[in-house]
Amino acid sequence: MLFTTNALLYILEMKWGWQGLIAQGCHSSILIMDPKTAQTIQVLERHKANVVKVKWSRENYYHNLSSPYCLRLASGDASGKIIVWDVVSGTAHCEIQEHSKPIQDLEWLWNQDASRDLLLAVHPPNYIVLWNGDTGTKLWKKSYAENILSFSFDPFDPSNMALLTSEGIVFITDFSYSKPPSSAGKKVYIASPHASPAHTKPAPAAAPAPTGAKKALNKVKVLITNEKPTAEAVTLNDCLQLSYLPSKRNHMLLLYPREILILDLELSQTVGVVAIERSGVPFTQVIPCAQRDALYCLHENGCITLRVCRSTSAQEEAADPEQSVQELVYDLRSQCDAIRVTKTVRPYRMVICPVNENKAALMVSDGRVMLWELKAHTGRSVVNPSSGLSPLYSPVSFCGAPLGPNQKRIQDLSLNSMISQTLIAGEAPPPSSNQQEVQLKFLLTGLLSGLPLPPFAIRMCPPLTTKNISHYQPLLAAGTSNGSVLVYNLTSGLLHKELSVHSCEVRGLEWVSLTSFLSFATSSPNNMGLVRNELQHVDLPTGRCFAFRGERGNDEPPIEMIKVSHLKQYLVVVFRDKPLELWDIRTGTLLREMAKSFPTVTALEWSPSHNLKSLKKKQMAAREAMARQTVSDAEQSSVESSVISLLQDAESKSETSQAISAREHFVFTDTDGQVYHITVEGNTVKDGARIPPDGSMGSIACIAWKGDTLVLGDVDGNLNFWDLKARLSRGIPTHRGWVKKIRFAPGKGNQKLLVMYTDGAEVWDTKEVQMVSSMRFGRNVNYRILDIDWCTSDKVVLASDDGCVRVLEMAMKSASYRMDEQDLTDPVWCPSLLLPRAALTLKAFLLLQPWSGTFTMDITQVDYNEKVEIKGLIQEQLNSLSNDMKSVLQDSELSLLQRCLLVSRLFGDESDLNFWTVASHYLQLFAQARQLSVTSEGGSEETQPPSQNHLDICHDILCESSYFQKFQLDRVHLQEVKRSSYEHTKKCADQLLLLGQTDRAVQLLLETSADNPSYYCDSLKACLVTTITSSGPSQSTIKLVATNMIANGKLAEGVQLLCLIDKAADACRYLQTYGEWNRAVWLAKVRLNPAEGSDVLKRWAEHLCSPQVNQKSKAILVLLSLGCFYKVGEMLHSMRYFDRAALFIEACLKSGVMEANDSSNKLIEAAFLDYARLLRSLGLREGAALWASRAGSAGEQLMEELFQGEGGVPEAVLGEDEVEVGLESTE
């Protein structure tokens, strides 16, 4: 366990995984936090240097027993070491080392089905290396010309990646996991427009004078050039970040302190700018969202803002046609409160939940982690209408399907369930009657606070005993440099209380009971070496503090230490150059201030022996005698019992009323090493024996006493063990230098001793007089120890100068532990913490509701054979779900598709989420089309209801063709407005020709100036485009020319000609033949009718399934978008995705796009049977029976096996199933 601090510049890295947890690098440790309950739940310690990068592995693979839900994390440190962790057990999978420079960037490859263990790393200065993260073997290594700062993968095409280098950006288009990229990549530089005079466009005369904002935007219209810019023009140095937009293809974002640029990579041109006004706060980080075209921006003052892309359709209605669609505009929709930024407190990093994209965590340099959640409130905005912001609407669907009339929903489930899609030009806005306007707000839902800067003084509260077991809390008090005392509960690792006690650095603490302690602090000395001493008594439950020494404490020598006696009766305060003081803690009175002649104390310890027991016996005897005298002999027998209770009362009162003053002793040493023995009883102080110094010892620095063992440590590193019973002493030189502190472990008969040196610590066994374990700075740890204590009889707690407090086993190896053995105060929802089998059972339990007709969140109500502990763990997970989530999961209105989507979101299962999003959309679409064709008896298809949402553009080529086409036109329109060179114009004209926008293309071709070398060519092309007729001979000529061009390597030109004569299908075929799959698919989506387009896409799906490409999961999504549901079912089943296959086929049957007939029955039965077997292997017998009963004759056999020896099959199961199957056939 570990508590951490800021120690500036050390928390460099933080990531939020699909699994729902946050990993944060802190010095050389990694903390794992749960954002829902704001608890630290694991610590990973193995790095020797500071951790600079952490990356959770992606979850986009199909999960089963062989590839289970797991928590896998890769981390890289400043010495070039990469460790892949199994987070649940806290152990390292493998360690990788290539060079000794800090790791610049890390990423798990997520794009192929072959292996999910591949890890790409940037090793400075200029290498990228692909590792197998499971075995630690190097697959390939490639070097580049410049220093690589970071990289970003294209989320839509895994073979594209961009490297941000010290000079510019390098685009790689042939990335593959099988071999290193062959080319050196295409290098581009970023120059500001005024640097290159070739591109300045003369301003049109009639244009109105641009306003201030427009001027600012024109200034930052950045160009990407292939020539290296001149020295003063390089603006990339202050580029903070580069990343692809996951919400739409071929767009990239560059972040500068005062603006964010959105680039269209096809045109290499800025198409959008988010600029900050002069008085605004600069950006430090931006995270683009995938579900909506939105950006989370972090500013220097710790404010997080959400900017959402403005709908282009709304802009067309603007009065000024000049202004319409000038660029992509991101409107500020929400912002959270800023933090107070000081020299030491500033925001570091922000991370966003990748599953739902509606929660953010902000890491502040003082060790705080602030958890913000985005909430949607329905209601009209109160901002003035002139601000020009169009309202945001909430979608009318939940989990991908239209809402039922009384269906429960969670509006804030994810970003795409909070706000509906950005509209694009040419799209009719939905009727506003059924849509609700929403406002977005950030809400602070959690805060993890860190320790302030070291140094610390720590002290554990008195140990657990049989008497205090009922109300004991393991509290650790840590005094800090700013005068406050932090009290932590060590079971949960959470802050129990923070108390502002002193005005200067806390030097030491001593507990006087389970709920109160004394702490002392000393101010910095004046020119006479005198200080202000503060000694405070603090009561924890009330937080009341009072100055224990009253008015004393100004202008005196500093307090060296305070020591509390074993019975917590007396307190010794030792000063540097002043005799010690002896106080009575119970009354708060000074018993004795020693005379000036009193020897100087170097070390002091109270003896554990006292006469409390004998005193109590004497008192009891005296009281009994008194009680006996007052009661006459005749009544004696009857009153006996009441006397005893009286006595017990009296005894308990006397304990509290401090009538007894037991005798206690302490020993101390002077500068010569002489040992003094002093007895204290009541208010008398007696001087006892003196023991002459041991010649082998130097100046004594500390003493510890327990039972019959007394241990002395000196400044030269010698330990002297005294056995008081046997009157033996034994000196051992440790050769570790000054012994700073020694402490005995708690617990009867436990003779372990913790020793602190300047360079580390050791644990000794005083019975055997031998060392048990040791840690040393520079050898096995890279931090120095500031203070030590025992927290239980076998665990130690160390405060170190890297700003952490660690709780370690006695072996002092590492603070990691098995997470499943930990006792958390709040249960954490994280299925990956369960055993692989249990996680899959939990998923099946949620997916297959209702169980025998009832919706339940209690696993014990289901026929499930498993150990009680595992059932308990699964139940704990279920209990930790929010009430909203439970009520939605138990809602009978929730359809199977919605349930699958919701559960995949809960599990953070990327692959499931993608599959069910696309499947649910197209199943509904095709089911609707089918119903319509039935109702209108083969009438026109255009009666499709408008309420059907289209798939988000982040699914790219999986979207409907009509929507995809509109999006591409919108994009070309924007590119056209933004073009600023002949190159750009040519690209735009080419795109327009492919899209069939011939008139616009001709205009652009005729713009070419006469001195341009391609002037003649472009003019002829313009003539050709305008005069194309559909006469046979001209068509055949053009086709011949096109095929010749393609044969001679002019693929793009040939394809253009084919598109001109409406032979786009042939063009697609040629593109596919030449391996240009992506371009072929794009062309098919924008130009071909559904039948021809689906041929092209099917061919592409086959290509994706081929072993050398191995992207079957992507092929399945493509087939879903074509409505080839039967084929998808077959593929899922053949890939052994049994649960997905069965549930998908069930959904198809329910929505009526697949019918159970002779041809399909074979697949249906096979899928259901395999799913039943899978459920049986998980122990869910009831579920297995349900699916087996629908799997034909083979299923019956499985049923018999399931219920062998139990007298046949229970009727309930059969009856229900007959009903279910009956229902389906009527549908």
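Residues numbered from 1 in each chain as written. Predicted model: local features only at pLDDT ≥ 70, side-chain atom pairs only at ≥ 80, totals over all residues. Heavy atoms only, no water.

(A) Layout of the overall build of the protein. If you tally the helices and strands in the protein, you get 26 helices and 60 strands. For the protein, the residues scored as buried account for 54% of the 1227 residues in total. Within the protein, residue pairs in contact and separated by at least 24 positions form 55% of the contacts whose partners lie at least 6 positions apart. Element-wise, carbon and sulfur atoms account for 52% of the exposed surface of the protein, whose accessible area totals about 53,600 Å². (Helix = DSSP H or I, 4+ residues; strand = E, 2+ residues; numbered from the N terminus. Buried < 20%, exposed > 50% of the residue type's maximum accessible area, 1.4 Å probe, protein only. Contact = heavy atoms within 4.5 Å. Areas by Shrake-Rupley, 256 points an atom, 1.4 Å probe, with all protein chains shown as cover.)

(B) Main features of the packing of helix α18 (residues 1077-1087) against helix α19 (residues 1090-1105). Axis separation between α18 and α19 bottoms out at 9 Å; the angle between their running directions is 155°. Our classification of the angle between α18 and α19 gives roughly antiparallel. Crossing handedness for the pair α18 and α19: left-handed. Of α19, the residues touching α18 (which contributes Trp1077, Asn1078, Ala1080, Val1081, Ala1084 and Lys1085) are Gly1093, Val1096, Leu1097, Arg1099, Trp1100 and His1103. (Axes fitted to C-alpha atoms, helices over the stretch in contact; angles between N-to-C directions. Parallel < 35°, antiparallel > 145°, perpendicular 65-115°, else oblique. Left-handed = near helix turned anticlockwise from the far one by under 90°.)

(C) Summary view of the pairing of strand β58 (residues 785-792). Taking burial as the measure, the 8 residues of β58 include 6 buried ones, the bulk of the element. Where β58 meets strand β59 (residues 795-800), 6 bridges bridge the pair, whose relative direction is antiparallel. In the sheet register, Ile785 faces β59, and the bridge partner there is Ser800. What sits between β58 and β59 in their antiparallel hairpin is a turn of 2 residues. (Pairing = 2+ DSSP bridges.)

(D) Inspection of a positive patch on the surface at higher detail. Together, Lys467, Lys613, Lys617 and Lys748 make up a region of like positive charge exposed at the surface. By relative accessible area, which is 69% here, Lys613 ends up exposed. (Patch = residues over 30% accessible without salt bridge, like charges linked within 9 Å, V, L, I, M, F, W, Y side chains within 5 Å. Salt bridge = Lys/Arg side-chain N within 4 Å of Asp/Glu carboxyl O. Lys, Arg positive; Asp, Glu negative; His and termini not counted. Charge placed at Lys NZ, Arg CZ, Asp CG, Glu CD.)

(E) Here's a closer look at unusual backbone geometry. Cis geometry marks the peptide bond from Pro124 to Pro125; its omega dihedral reads -5°. Its place among the elements puts Pro125 in the loop between β11 (118-123) and β12 (127-132). Omega for the bond connecting Gln849 with Pro850 falls within 30 degrees of zero, at -5°, which places this linkage in the cis form. Topologically, Pro850 is positioned in the loop between α6 (836-847) and α7 (868-879). Of note, His27 is a non-glycine position whose phi angle comes to about 55°, a positive value. Secondary-structure assignment places His27 in the loop between β3 (22-26) and β4 (29-34).

(F) Molecular detail of the sheet that holds strand β25 (residues 304-309). Spatially, 4 strands are ordered β23-β24-β25-β26 in an open sheet, and the strand pairing comes out antiparallel. Among the strands making up the open sheet, the edge pair consists of β23 (283-288) and β26 (330-335). Sheet twist, expressed as the average angle between the axes of neighbouring strands with direction ignored, equals 30°. Looking at chain direction, β25 and β26 are connected through 5 bridges and run antiparallel. For Thr305, the partnering residue across the bridge sits in β26 and is Gln335.

(G) Spatial organisation of the nonpolar core. Core analysis: the largest hydrophobic core is formed by 154 residues, its most contacted members being Leu846, Phe915, Leu1083 and Phe1144. The biggest single contributor to this core is helix α23 (residues 1158-1178), with 9 residues. Those residues in contact with Phe915 that lie beyond four places of it in its chain are Ile1116, Leu1117, Leu1120, Val1128, Leu1132, Arg1140 and Phe1144. Listed in part, the 27 residues of the second largest apolar core include Ile304, Ala360, Val364 and Phe442. (Core = buried A, V, L, I, M, F, W, Y, C linked by side-chain atoms within 4.5 Å.)

(H) Seen up close, the pairing of strand β60 (residues 805-809). Buried residues dominate β60, accounting for 4 of its 5 residues. Remark: 4 residues form the turn of the hairpin made by β59 and β60, two consecutive strands paired antiparallel; Gly803 in that turn has positive phi of roughly 85°.

(I) How the structure looks around the sheet that holds strand β27 (residues 347-352). Strand order in the open sheet formed by 5 strands is β27-β28-β29-β33-β30, and the pairing between neighbours is antiparallel. Each having just a single partner strand, β27 and β30 (392-394) make up the two edges of the open sheet. Averaged over neighbouring strand pairs, the angle between their axes works out to 40° when direction is ignored. Examined bridge by bridge, β27 and strand β28 (residues 359-364) share 5 bridges and lie antiparallel to one another. Within β28, the residue paired with Arg349 across the bridge is Met363.

(J) Region of the structure containing the confidence of the model for the protein. The predicted model of the protein has a mean per-residue pLDDT of 82, with 86% of residues at 70 or higher. Low pLDDT, under 50, characterises residues 938-947; the predicted model gives this stretch 8 contacts beyond four residues in sequence or across chains. The low-confidence segment residues 1207-1227 (pLDDT under 50) makes 24 contacts with residues lying over four places distant or belonging to another chain. (pLDDT = per-residue confidence, 0-100.)

(K) Summary view of helix α17 (residues 1064-1073). Burial of α17 is extensive: 7 of the 10 residues sit out of reach of the surface. Of all the positions in α17, only Ala1064, Ala1065, Asp1066, Ala1067, Cys1068, Leu1071 and Gln1072 are classed as buried. Looking at the buried side of α17, the elements it contacts are α15 (1032-1047), α16 (1051-1060), α18 and α19. Just downstream of α17, Gly1075 is the residue with a positive phi angle, here 80°.

(L) Representation of the pattern of salt bridges. Scanning the model with the defined rule gives 60 salt bridges in all. Salt-bridge contacts for Asp117 lead to Arg72; the nearest nitrogen and oxygen are separated by 2.7 Å. With Asp117 in the loop between β10 (105-108) and β11 and Arg72 in strand β7 (residues 72-77), this pair connects stretches of sequence that are 45 residues apart. For the pair shown, Asp117 and Arg72 are each scored as buried.

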